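Secondary and tertiary structure notes
What follows is the residue order along each chain.
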Amino acid sequence: SPLIQLPHIVPRAVEDFECFNASLPNITIYATGGTIAGSAGSADQTTGYQSGALGIKTLIEAVPQLCNVSNVRGIQIVNVDSGDINSTILTNLTQNIQKDLDNPLIQGAVVTHGTDTLEESAFFLDLTIASEKPVVVVGSMRPATALSADGPINLLSAVKLAVNKNAKGRGTMIVLNDRIASARFTVKTNANAVDTFKAEEQGFLGVFEDINPLFFYPPSRPLGHRYFNITSRPFQTPMPKVDVLYGHQEVSPEIFQAAVDNGAKGIVLAGLGAGYWPSVALKSLEAVVNKTGIPVVASRRTAWGYVEGQEWGINAGFLNPSKSRIQLQLALENKLSNQEIRSIFEL
Ligand SMILES: NC(=O)C[C@H](N)C(=O)O
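Here's what I pulled together on the structure shown here. The structure presented is a predicted model; accordingly, all values stated were derived computationally and were not measured. (Residues numbered from 1 in each chain as written. Predicted model: local features only at pLDDT ≥ 70, side-chain atom pairs only at ≥ 80, totals over all residues. Heavy atoms only, no water.)

1. Details of the overall build of the protein chain
For the protein chain, the count of helices and strands is 9 helices and 14 strands. Summarising its shape, the C-alpha atoms of the protein chain cover approximately 65 × 45 × 40 Å along the three principal directions. Sorting the 347 residues of the protein chain into buried and exposed places 54% on the buried side. The contacts in the protein chain between residues at least 6 apart in sequence include a share of 74% that link residues at least 24 apart. With the model as given, the accessible surface of the protein chain reaches about 14900 Å², and the carbon-plus-sulfur share is 52%. (Helix = DSSP H or I, 4+ residues; strand = E, 2+ residues; numbered from the N terminus. Buried < 20%, exposed > 50% of the residue type's maximum accessible area, 1.4 Å probe, protein only. Contact = heavy atoms within 4.5 Å. Areas by Shrake-Rupley, 256 points an atom, 1.4 Å probe, with all protein chains shown as cover.)

2. Points about the pairing of strand β2 (residues 71-80)
Among the 10 residues of β2, 7 are classified as buried, and the element is accordingly described as predominantly covered. Inspection of the sheet shows strand β1 (residues 26-33) paired to β2 by 7 bridges, in the parallel sense. In the sheet register, N26 faces β2, and the bridge partner there is N71. (Pairing = 2+ DSSP bridges.)

3. Concerning the site of the ligand
In the neighbourhood of the ligand, the contacting residues comprise G34, T35, S51, D81, S82, G114, T115, D116, S140 and M141. One of the side-chain N or O atoms of D81 is found 2.7 Å from a nitrogen atom in the ligand. In this structure, D116 approaches the ligand through a side-chain N or O atom, which is 2.8 Å from a nitrogen atom. The fraction of the free accessible surface of the ligand (270 Å²) that becomes covered by protein chains is 92%. Considering only residue class, the shell around the ligand consists of 1 nonpolar, 7 polar and 2 charged. (Near = heavy atom within 4 Å. Polar contact = N/O pair within 3.5 Å; in protein donor to acceptor, adjacent residues only side chain to side chain. Nonpolar A, V, L, I, M, F, W, Y, C, P; charged D, E, K, R; others polar.)

4. Notes on the sheet that holds strand β6 (residues 179-182)
Here we have 8 strands laid out as an open sheet, ordered β2-β1-β3-β4-β5-β6-β9-β10, and mixed in their pairing. What marks the edges here is a single partner per strand, and that holds for β2 and β10 (212-215). Recorded for the sheet is a direction-independent mean angle of 25 degrees between the axes of neighbouring strands. Each of β3 (108-112), β4 (135-138) and β5 (172-176) is contacted by helix α4 (residues 118-128), which is oriented at about 150 degrees to β5, the strand it contacts most. (Axes fitted to C-alpha atoms, helices over the stretch in contact; angles between N-to-C directions.)

5. A few points about the sheet that holds strand β13 (residues 296-300)
Reading across from one edge, β11-β12-β13-β14 is the order of the 4 strands in this open sheet, with parallel pairing throughout. Each of the sheet's edge strands pairs with one partner strand only, and the pair in question is β11 (242-246) and β14 (314-315). When β11 meets strand β12 (residues 266-271), the two strands line up parallel, connected through 5 bridges. When the sheet's bridge partners are listed, D243 is paired in β12 with I267.

6. What to know about the environment of L285
Structurally, L285 is set in helix α7 (residues 279-292). Taking the C-alpha atoms as reference points, L285 and E254, separated by 31 residues in sequence, lie 8.5 Å from one another. Each residue touching L285, except ones within four places of it in the same chain, is listed here: F256, L269, W277, V296 and W312.

Rendered as C-alpha cells:
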C-alpha cells in the first residue's frame, strides 16, 4: 500500500480514548497491521487471509476488558503486512512514541504489528526510544476472524504489561502466547505455530498467569544495548540501504559486489556455522571489503549462536541477520565510523 501521510499525534483530549476513567492509567496503542488485524472469509480459515485489514478501533472494541485495565487510545500508523514495514514507518513510530512517553500522563505504549518482521521492528524501537516506560510490541498468528483467534488475548496481555509497575526499565518487549520476551534476542521460529516467538539461549523475561504479567528477574537492559537518537531526523527520508546475504553451498561469489552495485551502504552476512563462507566466495568477499570499505557484519544462518573472530568483517555476536541489519542501518544513519560500528557489535 502507498505510504500515507503519517499522523503526528498530540491532542490528549479525553475523547481520544476509547473509554475513560480518571483513576486508570493511560496507554496509546499504535496499530501497524499484520495478522492481528487480519480478516478471512470464514472462521475456519487461518491462511490466505488479508493481513492489515481491520482498523485499530475494531481491534479495541473486540476486547472490552481493556477498559477495566487502562484508558486506551488507538492510533493507526499504517495498516500493512509486516513485510511492508520500513525505516520511514519505524522512524515515525519512534518519534510518536517518544513524544508520548515523555508526557507524564501516559504510562506506556503498545504497538500492534505483523509477526513476520516483528523481531526487527521491536529491536528498532528498543534501540531508538529512551524511556523507563514500557513499550510492548504485540501480534498474533491467527487472523482476528478465526476460531480461537489469539489476537484479543495477546492485546489484553500487552496492555496489562504496559501498565504494570514491574515492566519499567526493561526497554521494548514482545508479547505473544502468554510470554514476555526481550526485543533484542527474541525471534520468530515457526512460520505457522502460535508459540513461535522464542529466544532459545537467553530465554523469556516472564509469563502471563491469569492474563497478569509475572517476571522472572528484576528490570535490566541487555549487555551491548546502545541508544540511537533519531528524534529529529526527517522520518520521510529512508535510512541507508543494508542488504542481508545468505550463505550456502555453491553460493555465487558475485553476490557481494552485486549488493554494492545495487546501492548497499552496508552488508550483513548470514554465514555458515559461526559466520563462515565457502572459500571461493570468501575471496570475492574479502576483495569487496578491501575495495569498497563498506561495513560488513558477519552473522549466521543458524537460528542460534555467537559469531566472533571473522577477520574480514565486524562480528555480530549474538545478533541474528535481521537484527544485525537494523543495528547497522541505525549506525550508518548516525554516521558512525567502521571502528565505532565494530565497537557496538563486538562486546
Ligand atoms: N502472523 C502475522 O502477522 C503474519 C503476517 N504476514 C505479517 O507479518 O503481517
